[in-house]
Amino acid sequence: MKINSSCSLKENVLAMIYGEKNTKLVVLGHQKSGTTVIGNLISKATGLSYSNDPTYAVKVGDSEIINQFYHSPSSFNSLSKSKKSFFYQQIVKDPEFTLNFELVEKLYPNADFVFIARSPHQTIRSIFNRLKLDGTLDSQHVKVSDMYNGNQLWSFILNGEENDYTVVENLARRIEKCTENYLENKDKMYLVRYEDFVKNKSESIFQIVNDLSLEKKYDIDSFVDIQYQPKGHIETDLNKFFGNKNYQKIANLCPKTMEAFSYTH
């Protein structure tokens, strides 16, 4: 039986015994919006166990589990129950969960939910930096072999399922869908803007912990500048990076995201 090697034996045993009752917090938001660093730092501050991307970790780099997540909820529910050490740590972070909140809410009936928002231009720029893709990309499909350290899950995220959208259009539409799910359920989610978080990471994390009635146990100053994901180029001139065509596409396809979280272009 495969267990979560990133957690201790005790943490895995508790997850397997208590299942859904063990999970206190689920961190949501699109890939490369800051979910990893924020989820990790909340875990460091509280001492709560942490599971990173269970839909990826159970079968690394494979999109099979994601297909179950979207198209076979009963199969996915059974999978989560059979892989409790991945799905039921005290804090769970998985960006893909954001796109099917109805299912996730049932999966974690006792948890609080945090939603991380980030500028759609910076989110897509960060994804392209991670995969070493050109921001002016105008194709409908990117091969895994053309991505830096790519895999089938990244292929699913970028290329989507059968459609006629370009990669940039797919990503922008995904981000907008995440926002729509937040707006429809904002009374159930605690909002964090990534841009506010980076102004004072420690203070932001402790505010989240306090607002969600979690117990602060540890100082996190020595952890706030650890690079949890490959570092991108945040200072990039976005219009130059994307070219005017892709830059405008992102803005035009993400109107709710731009308005709801006060992003300008």
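Higher on the page you've got the structure.
Everything quoted here is computed from the prediction, not taken from an experiment.

What counts and what doesn't
- Counting restarts for each chain, with residues numbered from 1 along the sequence as it is written.
- Two thresholds apply to this predicted model, a pLDDT of at least 70 for residue-level local features and 80 or more for giving and counting side-chain atom pairs, whereas whole-chain, interface and lining totals are computed over all residues.
- Neither water nor hydrogens contribute to the side-chain values; these are computed over all heavy atoms in the structure.
- Each patch is built from residues lacking any salt bridge and having more than 30% relative accessible area; the joining distance is 9 Å for like charges and 5 Å for nonpolar side chains (Val, Leu, Ile, Met, Phe, Trp, Tyr).
- Here, Shrake-Rupley sampling with a 1.4 Å probe gives the accessible areas, and only protein chains in the shown set may cover a residue.
- Salt bridge criterion: a side-chain nitrogen from Lys or Arg within 4 Å of a carboxyl oxygen from Asp or Glu.
- Burial classes follow relative accessibility: with a 1.4 Å probe on protein chains only, a residue under 20% of its type's maximum area counts as buried, one over 50% as exposed, and anything between as partly exposed.
- Any two strands with at least two DSSP-identified bridges between them are counted as paired.
- Numbering of helices and strands runs from the N terminus; a helix is a DSSP stretch of H or I covering at least four residues, while a strand is a stretch of E covering at least two.
- Axis definition: a line fitted to C-alpha atoms, limited for helices to the stretch in contact. Angles are taken between N-to-C directions and run from 0 to 180 degrees.
- Cysteine sulfur atoms are paired as a disulfide whenever they come within 2.5 Å of each other.

**Describing a nonpolar patch on the surface**
On the surface, L9, V13, I17 and Y18 cluster together into a nonpolar patch covering about 420 Å² of accessible area. L9 gets classed as exposed once you look at its relative accessible area, which sits at 65%.

**Observations regarding the sheet that holds strand 5 (residues 189-193)**
Reading across from one edge, 2-3-1-4-5 is the order of the five strands in this open sheet, with parallel pairing throughout. The sheet is open, and its two borders are formed by strand 2 (50-52) and strand 5, each paired with just one other strand. The average undirected angle you get between the axes of adjacent strands in this sheet is 20°.

**Let's talk about the pairing of strand 4 (residues 112-117)**
Strand residues, when the strand is regular, have side chains that alternate between the two faces of the sheet. Buried residues dominate strand 4, accounting for five of its six residues. Here strand 1 (residues 25-28) runs beside strand 4; their pairing, made up of four bridges, is parallel. Opposite L25, over in strand 4, you have D112 as the bridge partner. Sheet topology places strand 4 next to strand 5; five bridges connect them, and they run parallel. If you follow V114 over to strand 5, its bridge partner there is Y190.

**Some remarks on the environment of M1**
Following the sequence through the fold, M1 ends up in the segment before helix 1 (9-18). In sequence terms M1 and N52 are 51 residues apart; their C-alpha atoms lie 19 Å from each other.

**So, the state of the cysteines**
For the coordinates displayed, the defined rule picks out zero disulfides. Of the cysteine sulfurs around C254, a residue in no disulfide, the closest is that of C178, at 9.8 Å.

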